[in-house]
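One letter stands for each residue in the lines below.
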Amino acid sequence: MTEQEKIELQDRIQSVQERIARAAERAGRDPQDIILVAASKMNDAERVRAAIQAGIRVCGENRVQELLEKYEQNAYEGADLQFIGTLQTNKVKYLIGKVSLIQSVGSVHLGEAIAKAAEKHGIRQDILLEVNIGREAAKSGLPPEELDDAIARLSEKKSLHIRGLMAIPPVADETTKNLGYFNEMHQVFVDNLTKKYDNVDMDYLSMGMTNDFETAIACGANMVRIGTAIFGARPYQIVSP
Ligand SMILES: *Cc1c(COP(=O)(O)O)cnc(C)c1O
C-alpha cells in the first residue's frame with residue numbers, strides 16, 4: 001500500500017465513524033454503544049493491518065479459508081476477529097479458538113456443530129442467530145417464526161453463549177433503505193429481550209451495511225458490518241486471456 005492509500009483508508013474509516021456517531025445521536029443513543037465491524041473480505045492482510053492501525057477494533061470475515069490465510073499472516077493483531085459469512089458444519093473446527101463471535105448461525109444444526117466443537121476445545125463460543133428477515137429462499141438464516149424454537153433448543157448448550165441476533169435483509173432499496181425489515185428485526189429482538197433462557201443474553205442486534213447502516217442504527221442496531229465504505233469497492237478478479 002502506498003502512503004496515499006493509507007491516508008485514504010484512514011479518511012474513509014473516520015468518515016464512517018462520524019456517520020455512525022451522528023446516526024446514534026439522531027436516535028438518542030450513545031455512539032459508544034454501536035460496534036463497528038469492518039467486513040474485510042477480499043482485502044489482504046496488509047490492508048486489514050492498515051485498517052486496524054487507523055482505528056478499526058473488530059474485523060469480520062466471510063470465508064473460512066480466507067480468514068485462515070490472513071490469520072497466519074497476523075492480519076488481525078490488535079483487533080477482535082469475528083465470523084460473519086455462510087458456514088458449513090465441517091469447517092466450524094477451523095474457527096473455534098480464533099474468533100470471538102460467530103454471527104451467522106442460521107440453523108439449529110449449525111449451532112449444535114459449533115457447540116460440539118467448542119466443548120471439545122474447552123471454550124464457550126459466543127454466537128448470534130441469523131434471522132432471514134426477508135424470507136428469501138436463496139438466503140440462509142432462520143425464518144422469524146422458527147427463532148423461538150431455535151433459541152430454546154440451543155440455550156441448552158453450555159458451550160454456547162447466544163449474544164443476540166443478526167440479519168442480512170434484501171439489497172437495500174435506495175428510498176426505503178430496508179426500513180421495514182429493520183423495524184421488523186428490532187421487534188423480533190425486543191420480543192426476545194424479556195425471555196429468560198440459560199446461555200442467552202440478547203446484547204447485540206447486528207444489522208446494517210454500507211448502503212443502509214444509518215437506517216439500521218435508527219431502527220435499533222448496535223452492531224453494523226461495513227465493508228465498501230471502509231475499504232472501497234471490492235476488486236473483481238481479473239482473469240487474463
Ligand atoms: C460483505 C458483507 C458486509 C459488508 O457489506 P458492504 O455492503 O460492503 O458494506 C456485511 N455483512 C456481511 C455478512 C457481508 O458479507
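Note that the structure is predicted; figures quoted are calculated from it, not measured. Here, residues in each chain are numbered from 1, in the same order as that chain's written sequence. Note on the predicted model: pLDDT of at least 70 is required for a residue's local features to be given, and 80 or more for side-chain atom pairs to be given and counted; whole-chain, interface and lining totals, by contrast, use all residues. With hydrogens and water stripped out, all remaining heavy atoms of the structure feed into the side-chain values.

1. Brief notes about the overall build of the protein chain
Stated precisely, the cut-off is as follows: Secondary structure elements follow DSSP: runs of H or I no shorter than four residues count as helices, runs of E no shorter than two count as strands, and numbering proceeds from the N terminus. Two things to know: the radius of gyration comes from C-alpha atoms, and the globule rule equals 2.2 Å times the number of residues to the power 0.38. When accessible area is computed with a 1.4 Å probe and restricted to protein chains, residues below 20% of their type maximum are described as buried, those above 50% as exposed, and intermediate ones as partly exposed. Working rule for contacts: check all heavy atoms of both residues, and any pair within 4.5 Å makes them a contact. Residue burial considers only the protein chains on display, and all accessible areas are found by Shrake-Rupley using a 1.4 Å probe. Counted as positive: Lys and Arg. Counted as negative: Asp and Glu, with His and the chain ends omitted from the count. A charged residue contributes its charge at one atom only: NZ of Lys, CZ of Arg, CG of Asp or CD of Glu.
For the protein chain, the count of helices and strands is 9 helices and 8 strands. Here the protein chain has a C-alpha radius of gyration of 18 Å; the compact-globule value for 241 residues is 18 Å, and the two agree. Taking the principal axes of the C-alpha coordinates as reference, the protein chain spans close to 50 × 40 × 40 Å. Relative to its full complement of 241 residues, the protein chain shows a buried share of 49%. Considering only contacts within the protein chain whose residues lie at least 6 apart along the sequence, 60% involve residues at least 24 apart. Accessible surface, the protein chain: about 12300 Å² in total, of which carbon and sulfur atoms supply 47%. Mean positive and mean negative side-chain charge positions of the protein chain (29 and 35 charges, respectively) differ by 3 Å.

2. Structural notes on the site of the ligand
For the record, the criterion: Here a residue is considered near a molecule or strand provided that any single heavy atom belonging to it is located within 4 Å of it. Each polar contact in these results corresponds to two N or O atoms within 3.5 Å; when the atoms are within protein, one needs to be able to donate a hydrogen and the other to accept it, and residues that are neighboring in sequence are counted only if both atoms are side-chain atoms. With a 1 Å grid laid over protein atoms only, a set of points is called a cavity when a 1.4 Å probe fits there but cannot get out and a pocket when it is open yet has protein on both sides within 12 Å along at least five of seven lines; lining residues have an atom within 4 Å of a point. Placement in a cavity or pocket follows one criterion, namely that more than half of the molecule's atoms lie within 2 Å of its grid points. Gly is placed with the polar residues, together with every amino acid not listed as nonpolar (Ala, Val, Leu, Ile, Met, Phe, Trp, Tyr, Cys and Pro) or charged (Asp, Glu, Lys and Arg).
Around the ligand, a shell composed of A39, K41, N62, I84, I168, M209, T210, R225, I226, G227, T228 and R234 is seen. Contact between the ligand and N62: an oxygen atom at 2.7 Å from a side-chain N or O atom of the residue. Within the side chain of T228, an N or O atom sits 2.6 Å from an oxygen atom of the ligand. Taken by itself the ligand offers 380 Å² of open surface, and the protein chains cover 90% of this. Taken atom by atom, the bulk of the ligand overlaps the largest pocket. Residue composition of the shell around the ligand, grouped by class: 5 nonpolar, 4 polar and 3 charged.

3. Comments concerning the environment of I35
Among the structural elements, I35 can be located in strand β1 (residues 35–39). If we skip the residues at most four places from it in the chain, I35 touches V58, Y204, N222, M223 and V224.

4. Structural notes on the environment of S104
By the secondary structure assignment, S104 is in strand β4 (residues 101–105). The spatial distance from the C-alpha of S104 to the C-alpha of F83 is 7.2 Å, given a sequence separation of 21 residues. If near-sequence neighbours (up to four positions away) are discounted, S104 is found in contact with F83, I84, G85, L110, L128, E130 and M166. Within the local environment of S104, its side chain forms a polar contact with the backbone oxygen of G85, the two atoms lying 2.6 Å apart.

5. Observations regarding the nonpolar core
Side chains that are nonpolar tend, in soluble globular proteins, to be buried together. Heads up, the condition is: In this text, buried Ala, Val, Leu, Ile, Met, Phe, Trp, Tyr and Cys residues form a nonpolar core when linked through side-chain atoms within 4.5 Å.
Ranked by size, the top nonpolar core spans 68 residues in total, and within it I114, L129, L165 and I230 carry the most contacts. When residues no more than four places from it in sequence are discounted, the contact partners of L129 are Q103, V105, L142, L147, I151, L154, I162, G164, L165 and M166. In this structure, V37, V58, L128 and M223 belong to the second largest nonpolar core, which totals 6 residues.

6. Focus: the layout of surface pockets
The criterion, for reference: Grid points are joined across faces, edges and corners, and a volume is the space filled by probe spheres set on the points.
Estimates place the volume of the largest pocket at around 640 Å³. As for the largest pocket, its lining consists of 30 residues, and the residues nearest its centre are K41, I168, M209, R225 and R234. Among the residues making up the lining of the largest pocket, the classes are represented as 13 nonpolar, 11 polar and 6 charged.

7. Examining the confidence of the model for the protein chain
In low-pLDDT regions, the fine details of the predicted coordinates are not to be read closely. For clarity, the cut-off: Confidence of the predictor at the level of single residues is given by pLDDT, which spans 0 to 100.
Looking at the protein chain as a whole, the pLDDT averages 94, with 97% of positions reaching at least 70. This model gives residues 237–241 a pLDDT under 50, and the stretch forms 0 contacts once residues within four places in sequence are excluded.

8. Digging into the pattern of salt bridges
Basically, it comes down to this: By convention in these notes, a salt bridge is any Lys or Arg side-chain nitrogen within 4 Å of a carboxyl oxygen on Asp or Glu.
On inspection of all chains with the given rule, the structure shows 11 salt bridges. The closest approach of N and O atoms between E3 and K6, which form a salt bridge, is 4.0 Å. Of this pair, E3 and K6 both sit in helix α1 (residues 3–26), 3 residues apart, which is roughly one turn of that helix. Of the residues examined, E3 reaches a relative accessible area of 55% and is grouped as exposed.

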